[in-house]
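Observations on chain architecture
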Amino acid sequence: VYYNNGSYTDTILYPGYYGAIETGDNYEFNPEEASKLLKRAGLEDRDNDGKLESVFNEEIWLRIIVDKDDPFKCKTAEFIKKSLEEHGIVAVLEKVDALTFKYRIENYDYELFVGTCKVNERHDLRSVLHSFYNNPAGYSDTEMNKLIESFLSSVNSQDKLVYVNKIEEKLKED
């Protein structure tokens with residue numbers, strides 16, 4: 001996975017995080033189901049040019065940004081771009097320098113970014129999932145905020161595991 005630098009997981013939490021049990025692939029590769037979901041959302045190739053359009057006949061496109069100096073992430077971004085285009089979504093891949101990448105993420109100037117995050121030794125997920133800690137994806141959910149705060153304030157590993165499982169379930173719902 002990820003050029004032998006990662007592990008399969010069913011959420012953004014690494015496998016076995018505080019004893020959490022993996023339940024399998026929540027997002028199994030299924031192009032037929034993806035096409036149905038796109039159509040249900042009102043996206044179709046209305047003019048038969050191979051590209052999806054909205055109900056207002058606007059082409060569906062998105063920008064993917066990636067740090068140009070990271071070959072693994074660039075290769076991943078290219079794969080994502082190709083996959084999106086195979087399904088009729090125009091994807092513009094922008095390989096930018098690290099400073100521009102950071103600036104654009106901080107200013108939410110992207111539709112999709114390929115990046116990584118580091119979790120500190122406390123396993124503090126606030127920088128990734130908490131509404132008030134400037135998470136780069138702009139994720140915001142008050143229930144998740146409470147779960148993360150409860151996880152961080154838990155003293156023993158059994159309590160932490162309860163909250164990790166609740167966090168994973170919430171992520172799967174979202």
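Residues numbered from 1 in each chain as written. Predicted model: local features only at pLDDT ≥ 70, side-chain atom pairs only at ≥ 80, totals over all residues. Heavy atoms only, no water.

Side note on the pattern of salt bridges
- For the coordinates displayed, the defined rule picks out 14 salt bridges.
- We note a salt bridge from Arg 63 to Glu 111, for which the minimum N-O separation is 2.9 Å. Linking Arg 63 in strand β1 (residues 61–67) with Glu 111 in the loop between α3 (98–106) and β3 (112–114), this pair joins segments that are 48 residues apart in sequence.
- Taking the shortest distance from any N to any O, the salt bridge between Glu 86 and Lys 82 comes out at 3.5 Å. Placement of both Glu 86 and Lys 82 in helix α2 (residues 71–86) is noted, with a separation of four residues, approximately one turn of the helix. In this pair, the class of Glu 86 matches that of Lys 82, namely exposed.
- A network of salt bridges, in which partner residues are shared, links Arg 63, Glu 94, Arg 104, Asp 109 and Glu 111. (Salt bridge = Lys/Arg side-chain N within 4 Å of Asp/Glu carboxyl O. Helix = DSSP H or I, 4+ residues; strand = E, 2+ residues; numbered from the N terminus. Buried < 20%, exposed > 50% of the residue type's maximum accessible area, 1.4 Å probe, protein only.)

Focus: the sheet that holds β3
- A sheet is described by the order of its strands in space; here three strands give the open sequence β2-β1-β3, paired in parallel fashion. Strands with a single pairing partner mark the edges of an open sheet, and in this sheet they are β2 (90–96) and β3. Neighbour to neighbour, the strand axes of the sheet diverge by 25° on average, direction disregarded.
- Set on the sheet, α3 makes contact with β1, β2 and β3; between it and β1 the angle comes to about 135°. (Pairing = 2+ DSSP bridges. Axes fitted to C-alpha atoms, helices over the stretch in contact; angles between N-to-C directions. Contact = heavy atoms within 4.5 Å.)

Some thoughts on the confidence of the model for the chain
- Within the chain, residue pLDDT values average 86, and 87% of them lie at 70 or more.
- Taken element by element, the predicted model of the chain shows its lowest mean pLDDT in helix α4 (residues 126–129) (85) and its highest in β2 (97). (pLDDT = per-residue confidence, 0-100.)

Considering the pairing of β2
- With seven bridges joining them, β1 and β2 adopt parallel strand pairing. Opposite Val 66, over in β2, you have Lys 95 as the bridge partner.

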